[in-house]
Amino acid sequence: MNIPRQNLRTPGPTPVPDDIVDAMGTPMIDHRGPEFFELITQATAGLKQVFATQNDLFILTSSGTGGLESLIVNSLSPGDRVLSATAGSFGDRFREMATAYGADVQRLDFEWGDAVDPEAVRTALHDDPGIKAVLVTHNETSTGVTHPLPEISQVVKGEFDKLLLVDAVSSLGCLPLPVDGWNCDLVATASQKGFMIPPGLAFVSVSPAAWEAEAEATMPRFYFDLRAARDYLERGQTPFTPNVALLYGLQSALDKLLEEGMESVYERHADIGRFTREGVKALGLELLVDDESYASNTVTAIKVPEGVDNSRLRSLAHNEENVVLAGGQGKLSNSIFRIGHLGYVSREDIQEVLDALARILPRVGFNPG
Ligand SMILES: *Cc1c(COP(=O)(O)O)cnc(C)c1O
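Residues numbered from 1 in each chain as written. Predicted model: local features only at pLDDT ≥ 70, side-chain atom pairs only at ≥ 80, totals over all residues. Heavy atoms only, no water.

Looking at the domain arrangement of the protein
Then comes step 1: By domain assignment, the protein separates into domain 1 (7-13 + 261-364) and domain 2 (18-258).
Then comes step 2: Its C-alpha centre places domain 1 at a distance of 26 Å from the equivalent point of domain 2.
Then comes step 3: Of the roughly 2,300 Å² buried where domain 1 meets domain 2, counting both sides, 64% is carbon and sulfur surface.
Then comes step 4: Put simply, domain 1 and domain 2 have zero salt bridges between them.
Then comes step 5: Linking domain 1 to domain 2 there are ten residue pairs in polar contact (both at pLDDT 80 or more).
Then comes step 6: Listed by contribution, the elements that provide at least two residues to the side of domain 1 that touches domain 2 are helix H10 (262-282), strand E11 (299-303) and strand E14 (336-340).
Then comes step 7: Among the elements that line the side of domain 1 that touches domain 2, the one with the most residues is H10, at four residues.
Then comes step 8: Taken together, the residues that form the side of domain 1 that touches domain 2 break down as 15 nonpolar, eight polar and three charged. (Domains from an automatic or database assignment. Buried area = accessible area lost by both parts, 1.4 Å probe. Salt bridge = Lys/Arg side-chain N within 4 Å of Asp/Glu carboxyl O. Polar contact = N/O pair within 3.5 Å; in protein donor to acceptor, adjacent residues only side chain to side chain. Helix = DSSP H or I, 4+ residues; strand = E, 2+ residues; numbered from the N terminus. Nonpolar A, V, L, I, M, F, W, Y, C, P; charged D, E, K, R; others polar.)

Observations concerning the packing of helix H3 (residues 64-73) against helix H4 (residues 89-100)
Then comes step 1: Following both chains from N to C, one finds H3 and H4 inclined at 50°, their axes separated by 10 Å at the closest point. Considered as vectors, H3 and H4 are oriented oblique to each other. Every pair of crossing elements has a handedness; the one defined by H3 and H4 is right-handed. Here Thr65, Leu68, Glu69, Leu71 and Ile72 of H3 lie close against H4, whose contacting residues are Arg93, Phe94, Met97 and Ala98. (Axes fitted to C-alpha atoms, helices over the stretch in contact; angles between N-to-C directions. Parallel < 35°, antiparallel > 145°, perpendicular 65-115°, else oblique. Left-handed = near helix turned anticlockwise from the far one by under 90°. Contact = heavy atoms within 4.5 Å.)

Re the pattern of salt bridges
Then comes step 1: Scanning the entire structure with this criterion turns up 24 salt bridges.
Then comes step 2: The partner of Arg95 in a salt bridge is Asp109, with the nearest N and O atoms 3.1 Å apart. With Arg95 in helix H4 and Asp109 in strand E4 (residues 104-109), this pair connects stretches of sequence that are 14 residues apart.
Then comes step 3: Look at Arg95 and you get buried, because its relative accessible area is 4%.
Then comes step 4: A relative accessible area of 39% means that Asp109 is categorised as partly exposed.
Then comes step 5: Three or more residues are tied together by salt bridges with common partners; here these are Asp92, Arg95, Arg107 and Asp109. (Buried < 20%, exposed > 50% of the residue type's maximum accessible area, 1.4 Å probe, protein only.)

Overview of the packing of aromatic side chains
Then comes step 1: Tallied over the entire structure, the rule returns five aromatic pairs.
Then comes step 2: Here the aromatic rings of Phe58 and Trp211 are separated by 6.1 Å at their centres, their planes lie at 85°, and the arrangement is edge-to-face. With a gap of 153 residues between them, Phe58 in strand E2 (residues 56-61) and Trp211 in helix H7 (residues 208-216) connect regions that are remote in the sequence. Considered together, Phe58 and Trp211 belong to a single accessibility category, that of buried residues.
Then comes step 3: Geometrically, the ring pair formed by Phe195 and Phe203 is edge-to-face, given 5.0 Å between the ring centres and 75° between the ring planes. (Phe/Tyr/Trp six-rings, centres within 6.5 Å; stacked < 30°, edge-to-face > 60°.)

Side note on the packing of helix H9 (residues 244-260) against H10
Then comes step 1: At their nearest, the axes of H9 and H10 sit 5 Å apart, and the two run at 90° to each other. In this view, H9 runs roughly perpendicular relative to H10, as classed from their interaxial angle. In this structure, H9 contributes Leu257, Leu258 and Glu260 to the contact, and H10 contributes Met262, Ser264, Val265 and Arg268.
Then comes step 2: Of the residues in the contact of H9 with H10, the class split is four nonpolar, one polar and two charged.

What to know about the nonpolar core
Then comes step 1: Formed by 52 residues in total, the largest nonpolar core has its most connected members in Leu47, Ile59, Leu172, Val187, Phe195 and Leu250.
Then comes step 2: Looking at which element gives the most residues to this core, the answer is H9, with eight residues.
Then comes step 3: Mapping this core onto the domain boundaries places at least three of its residues in each of domain 1 (7-13 + 261-364) and domain 2 (18-258).
Then comes step 4: Grouped together as the second largest cluster of nonpolar side chains are 30 residues, Phe58, Leu76, Trp211 and Ala229 included. (Core = buried A, V, L, I, M, F, W, Y, C linked by side-chain atoms within 4.5 Å.)

Regarding H4
Then comes step 1: For H4, with twelve residues, the first-to-last C-alpha span of 16 Å sits near the 16 Å given by 1.5 Å per residue.
Then comes step 2: For H4, every residue scored as buried is listed here: Ser89, Phe90, Gly91, Asp92, Phe94, Arg95, Met97 and Ala98.
Then comes step 3: Its buried side turned inward, H4 meets H3, strand E3 (81-86), E4, strand E5 (133-137), strand E6 (139-140) and strand E8 (163-167).
Then comes step 4: Trailing H4 by a residue or two, Gly102 shows a phi angle of about 95°, which is positive. (Expected span 1.5 Å × (residues − 1).)

Quick look at empty space enclosed by the protein
Then comes step 1: This structure, assessed with the given rule, holds two cavities of 30 Å³ or more.
Then comes step 2: Along the wall of the largest cavity there are 19 residues; nearest its centre are Ile59, Leu60, Ala229, Thr238 and Pro239.
Then comes step 3: When contributions to the lining of the largest cavity are tallied by element, the ones reaching two or more residues are helix H2 (34-51), E2 and helix H8 (226-233).
Then comes step 4: Per-element accounting of the lining of the largest cavity gives the leading share, five residues, to E2.
Then comes step 5: Residues that form the lining of the largest cavity fall into these classes: 13 nonpolar, five polar and one charged.
Then comes step 6: Computed from the structure, the second largest cavity encloses a volume of approximately 50 Å³.
Then comes step 7: Every residue along the wall of the second largest cavity is listed here: Thr143, Gly144, Arg277, Leu287, Leu288, Val289, Ala295, Ser296, Val299, Thr300 and Ala301. (1 Å grid on protein atoms, 1.4 Å probe; cavity = no way out; pocket = protein on both sides within 12 Å on 5 of 7 lines; lining within 4 Å. Points joined across faces, edges and corners; volume = space filled by probe spheres on them.)

As structure tokens, this is what we get:
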């Protein structure tokens, strides 16, 4: 298949730089041999720097969802009471996973486009002392909202000392998330969002308190058994055959990120987030996010103007401008579209999107402001 260069603005997968593509073509090695030992040991150490953690960290061969599933099944038992704070489709999916494994889930829902309110989390934990763990999504990709994780953690860990499980799939490596500093027990992210590599790896961190929970947890697990991952990692291996090519890519991506410095990476994402929002508003479009101080610096969700056909808008962008936008998810599928701006992305990429929108919008019945 011959696919021309696209301006791929889905919030994952994201574009892969050429040198990372090249790195992934490194010759195959024995995943039980000395070269692999070196590779996984270095990649794990590099990821711990990006996570800003001393906790155990594991690289799993799966998409982000597998990483999230590993957080749940390794720390909880069927019947455990869990508080799930969500304001979008990824938060809902995290909750559904816990439910599927038999957790007794207490729902704390917010409007899609709003942020999780730490005060409501406090009230919920106060009202139900039986809650053992809290599930939260750091950056809700479906709505373009970054929830106030430090404040949520202050309540969950600081005041109530519950287990905190974090979906950081579209934030880690792009937005500040010091895992130890913010006291996050179990955190999962994935390769194809902020890490500039293709889909297929998940990265998870596990705190000492999470290991204590793990010792009692009885949810069924096999492929995602983190105790097995820990035992193997001591020997520089993984329990099952890992995606070696993606690990080469990861090593190359980590070199890039750490060479740039994470503070600079965060500043770059903050800049491009602002640039995107200002550009979109200048076209006369409206953001979904209710309070812009919670606007995500990795993905922007935009309301489809009255009378505009979302799928026509996006297919014109794709077919005529080579700009691949994302639609909405779940109940927002027709009413928003999204621009991903995470990982390997520049202002020029976003300017191209804005220029394309300026040309397309009049043709779908909206006159840019
Ligand atoms: C993309 C994403 C996921 C799902 O990850 P997969 O790699 O598709 O399994 C989960 N949560 C968030 C916040 C995401 O952005």
